[in-house]
Amino acid sequence: MSFLACRVFNEPQIHHQLVEMETDELSKGDTLIKVDYSSINYKDALAASGRGAILKSFPLNAGIDLAGTVVETTGPGLKEGDTVIVNGSGLGESFDGGLAQYARVDSQFVMKQPEQYSSRDAMIIGTAGFTAALAIHRMEVNGQTPDQGPIVVTGASGGVGSFAVNLLSKKGYDTVAITSQSSMHDYLKDLGATEVKNLSELELSDKPLAKGVYGGLIDNIGGETLSRLMANIDLWGNIACIGLAQSPKLQATVLPLILRGVSLLGVSSTNCPMPLREQLWYEFGKKSPLPDFDKILSKEIALKDVSPYFEELIDNKHRGRLIVNCQ
Ligand SMILES: NC(=O)c1ccc[n+]([C@@H]2O[C@H](COP(=O)([O-])OP(=O)(O)OC[C@H]3O[C@@H](n4cnc5c(N)ncnc54)[C@H](OP(=O)(O)O)[C@@H]3O)[C@@H](O)[C@H]2O)c1
């Protein structure tokens, strides 16, 4: 069966191309899925443009997220017609990804789609929303509570940031959203941010310890901002370290950790163990009210039109989530 895919090649240099391919050419696995929706994450943009070393082999279909319908399977607990989600776990990194009309994956990475939300909503969540939920989970398991003070969220208007602000506010946390785009203030307030600040106007201390004004931090950008904001986290606050949109560098001292009990928590959505992954995806369906999917969705794109959006994401010309209708 032939189908359309956004495939990444490494010759003469890394680039992507929309190609017609056969299901026989897909990576090995016991479950063939017709992909209904996928999404574009920062990582997909790095992979498809070659700006980041994301793919483990070439050629490979891009896309770290998919929601679709099982076409063939010999996997335990799955049957033809099941609606399913795959995110991370090597999808679009080690084996062919979700930016295609079909994907073949191993059933150990396949989750049943929760009934409380649609495949389309699942891809509005995607890796971005899942990662925000994973970060909040890690912080709360480590004792974070709303009465410790506001959670500061960097890269707030992006996919992870938008979900972080929205999920935190629905849980009763005050949030301070940090954005590099002044035009995003109303959007972030609408998602539930208590306060919105421009990244360029943020007062960052040079000292290893400064006034503890934030209860915790969800960081999507790394670099100087993360390094210096650490000094402002109050007693026993948690820092969830997610991204590197500004820089992968971290230059900090141990003082917030050893004098304030601040914890620096790593968040890796790709490697999240399956039981916790399933728990967090099912919890999205139990949230009351559900996250503001319609507000966070910025655009639905057809698979054939994805190309320009990779650069747009890297150049920070977007907000919220981009989903891809694959059929
Ligand atoms: N650890 C994990 O498992 C995991 C999972 C998902 C994503 N990530 C990482 O987390 C980050 C966010 O991912 P995403 O999918 O939400 O991407 P995204 O939608 O592109 O959001 C990134 C946001 O960061 C800010 N930003 C972009 N370039 C910047 C720069 N040069 N300096 C400062 N801020 C900048 C922008 O927010 P403002 O315009 O509001 O400033 C942008 O919207 C990425 O680095 C991604 O690789 C990690």
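Residue positions are given per chain, counting from 1 as you read along its sequence in written order. Predicted model: local features are reported for residues with pLDDT of at least 70 only, side-chain atom pairs are reported and counted for 80 or more only, and whole-chain, interface and lining totals are derived from all residues.

## As for the overall build of the protein chain
For the protein chain, the count of helices and strands is nine helices and 16 strands. Taking 20 Å as the expected radius of gyration for a compact globule of 327 residues, we find that the protein chain reaches 20 Å, a close match to that expectation. Along the first, second and third principal axes, the C-alpha atoms of the protein chain reach 60 × 45 × 35 Å. Counting other C-beta atoms within 10 Å of each residue's C-beta, where C-beta atoms are placed from the backbone, gives the exposure class: buried for 20 or more, exposed for 12 or fewer, partly exposed between. Expressed as a percentage of the 327 residues in the protein chain, the buried residues total 49%. Residues are defined as contacting one another if the C-beta atoms placed from their backbone atoms lie within 7 Å. Within the protein chain, counting contacts between residues at least 6 apart in sequence, those at least 24 apart form 71% of the total. For helices the rule is a DSSP run of H or I covering at least 4 residues; for strands it is a run of E covering at least 2, with both sets numbered from the N terminus onward. Note that the radius of gyration is over C-alpha atoms, with the globule rule given as 2.2 Å times the number of residues to the power 0.38.

## So, the sheet that holds strand S10 (residues 175–179)
Strand pairing is defined by DSSP finding a minimum of two bridges between the two strands. A sheet is described by the order of its strands in space; here six strands give the open sequence S11-S10-S9-S12-S13-S14, paired in parallel fashion. At either end of the open sheet lies a strand with only one pairing partner, and these are strand S11 (195–198) and strand S14 (263–266). Neighbouring strand axes in the sheet, compared pairwise and without regard to direction, differ in orientation by 20 degrees on average. Only the stretch in contact is used when fitting a helix axis, every axis being a line fitted to C-alpha atoms; angles between N-to-C directions are given from 0 to 180 degrees. Against the sheet, helix H2 (residues 119–141) touches strand S12 (214–219), strand S13 (233–241) and S14, its axis set at about 145 degrees to S13.

## Here we look at the nonpolar core
As used here, a nonpolar core is made of buried Ala, Val, Leu, Ile, Met, Phe, Trp, Tyr and Cys residues. They are joined through C-beta atoms within 7 Å. Of all hydrophobic cores here, the largest spans 96 residues; its most connected members are Ala135 and Ala164. Counting residues per element, this core draws most heavily on H2, which supplies 12 residues. If near-sequence neighbours (up to four positions away) are discounted, Ala135 is found in contact with Ala164, Ile218, Ala240, Ile242 and Val267.

## Quick word on the domain arrangement of the protein chain
Domains assigned within the protein chain are domain 1 (2–113 + 294–325) and domain 2 (127–266). Segmentation of the chain into domains, including their bounds, is taken from an automatic or database domain assignment. Distance from the C-alpha centre of domain 1 to the C-alpha centre of domain 2: 29 Å. At the interface, 12 residues of domain 1 touch 15 residues of domain 2. Amino acid classes used here: Ala, Val, Leu, Ile, Met, Phe, Trp, Tyr, Cys and Pro are nonpolar; Asp, Glu, Lys and Arg are charged; the rest, including Gly, are polar. The residue makeup of the side of domain 1 that touches domain 2, split by class, is three nonpolar, five polar and four charged.

## Let's talk about the site of the ligand
Each residue gets a C-beta atom placed from its backbone. If that atom is within 6 Å of a molecule or strand, the residue is near it. As a matter of local geometry, the ligand sits amid 31 residues, with Gly155, Ser157, Gly158, Thr179 and Gly243 nearest to it. Breaking the shell around the ligand down by element, the ones donating at least two residues are helix H1 (42–49), H2 and helix H3 (159–170). Across the shell around the ligand, the residue classes tally to 12 nonpolar, 18 polar and one charged. Residues lining the shell around the ligand come from more than one domain, with at least three contributed by each of domain 1 (2–113 + 294–325) and domain 2 (127–266).

## Re the pairing of strand S15 (residues 297–302)
Alignment of S15 against strand S16 (residues 321–325), held across five bridges, turns out to be parallel. Opposite Leu297, over in S16, you have Arg321 as the bridge partner. Viewed along the sheet, the connection from S15 through helix H9 (residues 307–314) into S16 turns out right-handed. A right-handed crossover is one whose linking path, passing over the helix from the first strand to the second, runs clockwise when the strands point away from the viewer.

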